Amino acid sequence: MSEALDTIEEFVQSDYKYGWVSNIETETFPPGLNEDVVRLISAKKEEPEFLLEWRLKAFRHWQKMAEPKWANVKYPPVDFQSVSYYAAPKKKKQLNSLDEVDPELRETFKKLGISLDEQKRLTGVAVDAVIDSVSVATTFRKELHKHGIIFCSFSEAVKEHPELIRKHLGSVVPITDNYYAALNSAVFSDGSFCYIPKGVRCPMELSTYFRINAENTGQFERTLIVAEEGSYVSYLEGCTAPMRDENQLHAAVVEIVADTDAQVKYSTVQNWYPGDKNGKGGIYNFVTKRGICKGDRAKISWTQVETGSAITWKYPSCILKGDDSVGEFYSVALTNNYQQADTGTKMVHLGKNTRSTIISKGISAGRGQNSYRGQVKIGKGATNARNFSQCDSLLIGDRCGAHTFPYIDVQNTSGQVEHEASTSKVGEDQIFYLNQRGIETQDAVNMIVNGFCKEVFRELPMEFAVEAQKLLGVSLEGSVG
Amino acid sequence: MSKQLIEIKNLSANINGKEILKGINLTVNEGEVHAIMGPNGSGKSTLGYVLAGREGYEVTGGEILYRGKDLVEMAPEERAREGLFLAFQYPVEIPGVNNTYFLRAAYNEQRKHRGEEEMDAVDFLAVVREKMKLLELPDAMMKRSVNEGFSGGEKKRNEIFQMAVLDPKLSILDETDSGLDIDALKIVATGVNRLKSPTNASIVITHYQRLLNYIVPDYVHVLFDGRIIKSGGKELALQLEEKGYDWITGKETVAAR
């Protein structure tokens, strides 16, 4: 048996493909956080007064809050004064078209497999590329504009559509929501904004690619998606960061507003730098994602594949306010080496006949600790609400951990809540079976893990599903030999 | 003269330090079917696992030459790619992994090993269809996950199906008859018989004689306490059926004194 463990240990050694640093001239604020920094960010972005006030309110509130300690993760306290809250590639001049994007930036995204070149429309995906604190390019804007769709960086949206921002910003995740959301509200620098007008089905996948490049900076981006009545959009998010010995902070907020009959599908492949195999470095990923099904029959679906970050603290949630509205959460979270993840969802049923589905697949390898934390709440008025939750954990080796923390709160007697959970190990007998068919151990583990995640992968858009499978393979590389 | 496929010489093997095989001698040539019989705990399955290279089954003495190569030195996946196939007594479930996908991966590992190009999904489907017809398997089986939710009989048929697709040189069938009703047994046996050729061989491990009504062996060996204590033709199986294992094992005990 000890031999088996050694080989599993070997298999868990992984290489991070995206750990390089680009040489981009960057304008960075000195580390530290106070009201002046908040004002400076707002000034830098030439924001209207209302937004500055909003930020300051958030900042003042944040100062009164304490860092949450309830998550099942351990890390030394974050020194928020040692972080730089703004880093942006220096712009040579105002960009008039995508062709004018700095070649070094273009190269950076090319290396990440993200083409900013509209000619190479291979996958039919429009991309908003965010590096450190700012959005550097958004593709296919003109084409989307024909359909009345607004897809641009958050900063541009503030300038060009202040009324929409004012109406929806903070409407799902208020500034007082939690510690990291408050911090984000105070210092967020950019992100993506997406608006789908009434009755429009977005003709292509929209995506934001986040890249941290600068050192000692935090990334605080904000995404706002508004889907008007009867509209549809599928949104993808990807992220990577260089390998560094210091931990870097990433505290994002995503808000989704889905009106009557609108459908929003939000997919994430999160691959921030996870730290090295001894647990040094890596991103602290403290993210608040929430959507509201505001109107009847609205649907919000979260799909996430979380393979990166030293620490993940993330609970994409749905508020099911409209009658017959639907919330879904499909998640694969992998922790390897010393990674820790505390992730799950909240489904808040308020409307009648609301339905939610939670499928969570946690994979732990090395000394990784993986926790599912989920809340299903059925409010007084949520007659005939239903939830189905399934939480499966897969263990590779015997030094990792899987934990499940389900919270169920039912206030309406007609509610139906089902929760299923399982924990299994990648078995030596499964590996041997595949070996005996000519498949080597590493491929065998990848195959078993991918099979385990199938229910989630099939929710991902095609290109993403392929990428996610490969990513799991890379993240598990070396885990049994 | 037929070619020698595997030669097992004075093989002994341990599991967790306990000696299970205590000097096995067996030679199998191309075109032959060998049955290994014996009471529970005699080492039959261990022999299968040792040949397939399962971890924890330690060869402590003797040697195994497989197609002229030292088998013990080869990793389990290499053995498989070299045409050694073990039909498992208890096939393992691999949830979420599509049966066809899995089998194509296995098939392509063999092809790569032989220096051939990998086969794409469309061409592979044609191979699969042909073999399914041969074994009278339902289409649905290929769309399901590997052995997941399969009945005992379906699992065994899936083993024989994999064997048909991978077309091994040497098949080891470990208690393929256990847990099968007579109809399933016939289907499995028919499959094995149809796959028989002058260039491949099988070792059929079984506790009962009844499988050998359908798969007729050229040789029958009785394994007891880690040794082959008697070998003979197919009539030996019938004698065992009639007289039980005590007939030989008892004799052996006496002879040992």
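Residues numbered from 1 in each chain as written. Chains lettered and ligands numbered in written order. Predicted model: local features only at pLDDT ≥ 70, side-chain atom pairs only at ≥ 80, totals over all residues. Heavy atoms only, no water.

Asks: Residue-level account of the overall build of chain A, with values.
Replies: Along the backbone of chain A there are 12 helices and 23 strands. Of all 481 residues assigned to chain A, the portion counted as buried reaches 63%. Across chain A, every contact between residues at least 6 apart in sequence was considered, and the portion connecting residues at least 24 apart equals 84%. Total accessible area on chain A is roughly 18400 Å²; 48% of this is exposed by carbon and sulfur atoms. (Helix = DSSP H or I, 4+ residues; strand = E, 2+ residues; numbered from the N terminus. Buried < 20%, exposed > 50% of the residue type's maximum accessible area, 1.4 Å probe, protein only. Contact = heavy atoms within 4.5 Å. Areas by Shrake-Rupley, 256 points an atom, 1.4 Å probe, with all protein chains shown as cover.)

Asks: Go over the overall build of chain B, please, and point to the residues and values.
Replies: Check the secondary structure of chain B and you find nine helices and 12 strands. Relative to the globule expectation of 18 Å for 257 residues, the C-alpha radius of gyration of chain B, 18 Å, shows essentially globular dimensions. Put simply, chain B has 257 residues, and 54% of those count as buried. Looking at chain B, you have 33 positive and 38 negative side-chain charges, and the mean spots of the two groups are 3 Å apart. (Rg over C-alpha atoms; globule rule 2.2 N^0.38 Å. Lys, Arg positive; Asp, Glu negative; His and termini not counted. Charge placed at Lys NZ, Arg CZ, Asp CG, Glu CD.)

Asks: Before we move on, could you go through helix H10 (residues 441–452) of chain A and cite the residues and values that matter?
Replies: Each α-helix turn comprises 3.6 residues. Residues three or four places apart therefore point the same way. Residues and elements named next belong to chain A. Taking 1.5 Å per residue as the helical rise, H10 with its 12 residues ought to reach 16 Å, and the 16 Å between its terminal C-alpha atoms agrees with that figure. The buried fraction of H10 amounts to 10 of the 12 residues, a majority that puts the element mostly inside the structure. Within H10, the full set of buried residues consists of Thr-441, Ala-444, Val-445, Asn-446, Met-447, Ile-448, Val-449, Asn-450, Gly-451 and Phe-452. (Expected span 1.5 Å × (residues − 1).)

Asks: Could you give an account of helix H9 (residues 428–435) of chain A, naming the residues involved and the relevant values?
Replies: Of all eight residues that make up H9 of chain A, six are buried, and the element is covered over most of its length. Among the residues of H9 of chain A, Gln-430, Ile-431, Phe-432, Tyr-433, Leu-434 and Asn-435 of chain A are the ones counted as buried.

Asks: Explain the interface of chain A and chain B to me, and be specific about the residues and the numbers.
Replies: Interfaces are often described in size by the accessible area the parts lose on coming together. Taken together, the contact pairs 20 residues of chain A with 32 residues of chain B. Summed over both sides, the interface of chain A with chain B buries roughly 2200 Å², with 60% coming from carbon and sulfur. In this structure, the connection of chain A to chain B is made through two salt bridges. Residue Arg-54 of chain B pairs with Glu-428 of chain A through a salt bridge whose shortest N-O separation is 3.3 Å. Taken together, the links from chain A to chain B amount to 11 residue pairs in polar contact (both at pLDDT 80 or more). (Buried area = accessible area lost by both parts, 1.4 Å probe. Salt bridge = Lys/Arg side-chain N within 4 Å of Asp/Glu carboxyl O. Polar contact = N/O pair within 3.5 Å; in protein donor to acceptor, adjacent residues only side chain to side chain.)

Asks: Talk me through the pairing of strand S1 (residues 4–15) of chain B; I want residue IDs and the actual numbers.
Replies: Residue and element names in this part refer to chain B. Here S1 pairs with strand S2 (residues 18–29) via nine bridges, running antiparallel. Residue Leu-11 lies in a different strand from S2, and its bridge partner there is Ile-24. Counting the residues between successive antiparallel strands, the hairpin from S1 to S2 contains two residues, one of them, Asn-16, with a positive phi of roughly 50°. When S1 meets strand S4 (residues 57–66), the two strands line up antiparallel, connected through eight bridges. Across the sheet, residue Ile-15 finds its bridge partner in S4, namely Tyr-57. (Pairing = 2+ DSSP bridges.)

Asks: An account of the pattern of salt bridges is requested, with residue identities and associated values reported.
Replies: Two side chains carrying opposite charge are able to pair once their charged atoms lie near each other. The tally for this structure, following the rule as stated, stands at 29 salt bridges over all chains. Here Arg-39 of chain A and Glu-35 of chain A are joined by a salt bridge, their closest N and O atoms 3.5 Å apart. On the criterion of helical spacing, the pair formed by Arg-39 of chain A and Glu-35 of chain A is a turn pair, its members being four residues apart in helix H2 (residues 35–44). For Arg-39 of chain A, a relative accessible area of 37% translates into the label partly exposed. On the basis of relative accessible area, Glu-35 of chain A is assigned to the partly exposed category, the value being 23%. We note a salt bridge from Glu-306 of chain A to Lys-314 of chain A, for which the minimum N-O separation is 2.2 Å. Exposure class is identical for Glu-306 of chain A and Lys-314 of chain A. Each is buried. One network of salt bridges, with partners in common, ties together Arg-81, Glu-109, Lys-112 and Glu-118 of chain B.

Asks: Residues and numbers for the packing of aromatic side chains, please.
Replies: All names here are of chain A. Counting across every chain of the model gives 28 aromatic pairs over all chains. A centroid spacing of 5.7 Å and a plane angle of 45° characterise the contact between Trp-70 and Tyr-315, whose relative ring orientation is tilted. Here Trp-70 is found in the loop between helix H3 (49–64) and strand S2 (87–89), whereas its partner Tyr-315 is found in the loop between strand S15 (311–314) and strand S16 (317–320), with 245 residues between them in sequence. Here Tyr-315 falls in the buried class, since its relative accessible area comes to 11%. Grouped by ring-pair contacts, the aromatic residues Phe-59, Trp-62, Trp-70, Tyr-75, Phe-80, Tyr-179, Tyr-180, Tyr-284, Phe-286, Trp-313 and Tyr-315 constitute a single cluster. (Phe/Tyr/Trp six-rings, centres within 6.5 Å; stacked < 30°, edge-to-face > 60°.)

Asks: Can you break down the side chain of Thr-345 of chain A residue by residue, with the values?
Replies: Residue and element names in this part refer to chain A. Summarising the element assignment, Thr-345 is placed in strand S18 (residues 340–349). Note on Thr-345: relative accessible area 1%, which makes it buried. Looking at Thr-345, its side chain comes within polar contact range of the main-chain oxygen of Pro-316, at 2.5 Å. If we ignore the near neighbours within four places in the chain, the residues touching Thr-345 are Tyr-315, Pro-316, Ser-317, Phe-329, Ile-358, Tyr-372, Arg-373, Gly-374 and Gln-375.

Asks: Pulling in residues and values, what's your account of empty space enclosed by the protein?
Replies: Inspection of every chain in the model, using the stated rule, returns six cavities of 30 Å³ or more. For the largest cavity, the calculated volume is near 120 Å³. Residue lining of the largest cavity: 18 residues in total, with Ser-360, Gly-362, Asn-370, Ser-371 and Tyr-372 of chain A positioned closest to the centre. A breakdown of the residues in the lining of the largest cavity according to their chemical character gives five nonpolar, 11 polar and two charged. Space inside the second largest cavity adds up to approximately 90 Å³. Lining the second largest cavity are Glu-32, Val-33, Met-163, Asp-167, Pro-168, Ser-171, Val-192, Leu-195, Lys-196, Asn-200, Ala-201 and Ser-202 of chain B. Only helix H7 (182–195) and strand S10 (201–206) of chain B provide two or more residues apiece to the lining of the second largest cavity. Taken together, the residues that form the lining of the second largest cavity break down as six nonpolar, three polar and three charged. (1 Å grid on protein atoms, 1.4 Å probe; cavity = no way out; pocket = protein on both sides within 12 Å on 5 of 7 lines; lining within 4 Å. Points joined across faces, edges and corners; volume = space filled by probe spheres on them. Nonpolar A, V, L, I, M, F, W, Y, C, P; charged D, E, K, R; others polar.)

Asks: Let's hear about the sheet that holds strand S9 (residues 170–174) of chain B: which residues, and what values?
Replies: Residue and element names in this part refer to chain B. Pairing is mixed across the open sheet formed by six strands, whose spatial order is S6-S9-S10-S3-S11-S12. In this open sheet, the two edge strands, each paired with only one partner strand, are strand S6 (84–87) and strand S12 (227–232). Neighbour-to-neighbour, the strand axes of this sheet turn through a mean angle of 20°, independent of strand direction. As paired strands, S6 and S9 are joined by four bridges and run parallel to one another. (Axes fitted to C-alpha atoms, helices over the stretch in contact; angles between N-to-C directions.)

Asks: For unusual backbone geometry, give the residues involved together with the corresponding values.
Replies: Apart from glycine, the bulk of residues carry a negative phi angle, and the bulk of peptide bonds sit in the trans form. Residues and elements named next belong to chain A. At Asn-337, a residue that is not glycine, the phi angle is positive and equals roughly 50°. Mapping Asn-337 onto the fold places it in the loop between strand S17 (326–335) and S18. Among the residues examined, Asn-337 registers a relative accessible area of 12% and is labelled buried.

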